[in-house]
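# Summary of the model geometry
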Amino acid sequence: MTYNGEHLFIGQLGNFFVISSFCLALLAMVSYYFASKEENPSWKKLATLSFFGHTASVVGIVSVLFYMLLNQFFEYHYVWQHSSKALPLRYIFSCFWEGQEGSFLLWSFWHTILGSLIIWRNGKFTSSVMTVFSSVQVFLSSMLLGVYILEYKIGSNPFTVLLRDHPDFSSLPLFQNADYLLHLDGRGLNPLLQNYWMTIHPPTLFLGFASTLVPFAFALAGLWKKQYNEWIKPALPWTIFSVMILGTGILMGGAWAYEALSFGGFWAWDPVENASFMPWLAGTALLHSLAVTEKRGVFKSWTVLLAIFTFSLSLLGAFLVRSGILVSVHAFASDPARGLFILAFLAVVTGGSLA
């Protein structure tokens, strides 16, 4: 059957950006590795072009998904699941990051911005730091692929899952009508997210999570190059920024919880709130340790451990919230299968770094 009014090209365009994002992140990771190992300017040039291409692809994904939400393309499951015709325009942003795909995309977007700033500053650790950055981007990009490897599905793609093809809806009589879009409306946004704080709290919080990668990457670069003091100074301002932004995001979340969840206060030790609070505590400890290490040359090993734990706790929080292990009115997207991949990545990151 030929369906009328479907916008299939925009989904194909979004899927193209998803695939190119993953491939270019992988190319950037390999290129930066060889650029750091061999100090070859050709590898570094290729790596830089690849990462900027990856950045452009991520921006393309963001733009296409926003376009789909703004124009209410309910033929796509992601748009149907998070939006509706009655939803005010100001809450479209909340629709974007309510789901798993949008939140991972937001996280990845901030990494591309931070990585581009590191490339622009072009310090002595740039190639090593960007090797770590690109490897993390490979993982985050894979969470949007939606492909099967053997029996396991890697991520989910908001551009390839049409509502009429979704297992939960494909047998509905509605889709026997070629003009089904004329009668279709979205499920709508969770009422708890229809709050002005939710238009600014998630991007601020995810910028805080993303920024924990920077001191972690500098710490690994210092270990990799056996320059155990030199990484401290460039990592310090990034750590200050991370603690400030993550703290601001947590405060915004407390204000939202006070208004929307009726906790009776700004904080209720909710599992999701604690998941964001743990990396902030570790980051604050890292900030103090970096300052002492820079001034007195002590706590070197402890500082490296704190940099690892701060980023690892950000990943741990993502796993606990998204896997369904923690039950909370604060957790809006639960996907046990994706949670297992986050847990595996956490094990690789933490175990490899400690080793």
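Overview of the structure. All residue numbers refer to positions counted from 1 along the written sequence of the respective chain. Local features in this predicted model are restricted to residues whose pLDDT is 70 or higher, and side-chain atom pairs enter the listing and the counts only when it is 80 or higher, whereas totals over whole chains, interfaces and linings include all residues. Only heavy atoms go into the side-chain values, all of them from the structure, while hydrogens and water stay out.

On to a nonpolar patch on the surface, then. Each patch groups residues whose relative accessible area exceeds 30% and which form no salt bridge, using 9 Å between like charges and 5 Å between nonpolar side chains of Val, Leu, Ile, Met, Phe, Trp and Tyr. Under the convention used here, a 1.4 Å probe and the Shrake-Rupley method define accessible areas, while residue burial counts only the protein chains that appear. For salt bridges, the criterion is a side-chain nitrogen of Lys or Arg within 4 Å of an Asp or Glu carboxyl oxygen. The grouping of Val-147, Ile-149, Leu-150 and Tyr-152 at the surface amounts to a nonpolar patch, some 470 Å² of accessible area in total. By the element assignment, Leu-150 lies in the loop between β1 (147-149) and β2 (152-154). The class for Leu-150 is exposed, based on a relative accessible area of 80%. Secondary structure follows DSSP: runs of H or I at least 4 residues long count as helices, runs of E at least 2 residues long count as strands, and numbering of each begins at the N terminus. Summary of the burial criterion: residues with accessible area below 20% of their type's maximum are buried, those above 50% are exposed, and those between are partly exposed, where the area comes from a 1.4 Å probe applied to protein chains only.

This part takes up the environment of Glu-101. Checked against the element boundaries, Glu-101 lands in helix α5 (residues 100-121). For Glu-101, a relative accessible area of 13% corresponds to the buried category. Sequence separation between Glu-101 and Met-143 is 42 residues; the distance between their C-alpha atoms is 7.5 Å.

Running from amino to carboxyl end, helix α7 (residues 201-211) crosses helix α9 (residues 232-260) at an angle of 150 degrees, the nearest separation of the two axes being 8 Å. Comparing their axes, α9 and α7 come out roughly antiparallel. Handedness of the crossing formed by α7 with α9: left-handed. Contacts from His-201, Thr-204, Leu-205, Leu-207, Gly-208, Phe-209 and Ser-211 in α7 reach Phe-241, Ser-242, Ile-245, Leu-246, Thr-248, Gly-249, Ile-250, Met-252 and Gly-253 in α9. As a working rule, the residues Ala, Val, Leu, Ile, Met, Phe, Trp, Tyr, Cys and Pro are called nonpolar, Asp, Glu, Lys and Arg charged, and the rest polar, with Gly in that last group. Within the contact of α7 with α9, the residues separate by chemical class into eight nonpolar, eight polar and no charged. Comment: axis = line fitted to C-alpha atoms, over the contacting stretch for helices; angle = value between 0 and 180 degrees taken between N-to-C directions. Convention used here: angles under 35 degrees read as roughly parallel, angles over 145 as roughly antiparallel, angles from 65 to 115 as roughly perpendicular, and any remaining angle as oblique. Two helices cross in a left-handed way if the nearer one is turned anticlockwise from the farther one by less than a right angle. They cross in a right-handed way if the turn is clockwise. Contacts are assigned to residue pairs with any non-hydrogen atoms lying within 4.5 Å of each other.

Counting residues in hydrophobic clusters, the biggest one holds 102 residues, and the most contacted among them are Phe-133 and Trp-231. The greatest single-element share of this core, amounting to twelve residues, is contributed by α9. Those residues in contact with Phe-133 that sit more than four places away from it in its chain are His-111, Leu-114, Gly-115, Ile-118, Leu-213, Val-214 and Ala-217. Each nonpolar core is a collection of buried residues, namely Ala, Val, Leu, Ile, Met, Phe, Trp, Tyr and Cys, held together in the definition by side-chain atoms within 4.5 Å.

Cavities and pockets are defined on a 1 Å grid built over the protein atoms alone: a cavity is a set of grid points where a 1.4 Å probe fits but cannot escape, while a pocket is an open set with protein on both sides within 12 Å along at least five of seven lines, and lining residues are those with an atom within 4 Å of any such point. Grid points are joined across faces, edges and corners, and a volume is the space filled by probe spheres set on the points. What the second largest pocket holds in volume is close to 340 Å³. Lining the second largest pocket are 17 residues, with Val-132, Ser-135, Phe-216, Leu-220 and Ser-353 sitting closest to its centre. Elements with a minimum of two residues in the lining of the second largest pocket: α1 (8-38), α6 (126-142), α8 (213-224) and α12 (336-354). Ranked by the residues each element gives to the lining of the second largest pocket, the list is headed by α12, at five residues. Residues of the lining of the second largest pocket, tallied by class, amount to 13 nonpolar, four polar and no charged.

We now examine the environment of Ser-170. Within the secondary structure, Ser-170 sits in the loop between β2 and α7. Those residues in contact with Ser-170 that lie beyond four places of it in its chain are Arg-164 and Asp-165.

Next up on the list: the side chain of Ser-211. For Ser-211, the position within the fold is in helix α7. Taking relative accessible area as the criterion, Ser-211 reaches 0% and is therefore assigned buried. A polar side-chain atom of Ser-211 sits 2.7 Å from the main-chain carbonyl oxygen of Gly-208. Pairs of N or O atoms within 3.5 Å make up the polar contacts considered here, provided that, within protein, one atom can donate a hydrogen while the other can accept it, and that residues adjacent in sequence are counted only when both atoms are side-chain atoms. There is a polar contact of 2.9 Å between the side chain of Ser-211 and the side chain of Ser-242. When sequence neighbours within four positions are dropped, the list of residues in contact with Ser-211 reads Leu-114, Phe-241 and Ser-242.

Nothing here speaks to function; it is all geometry.
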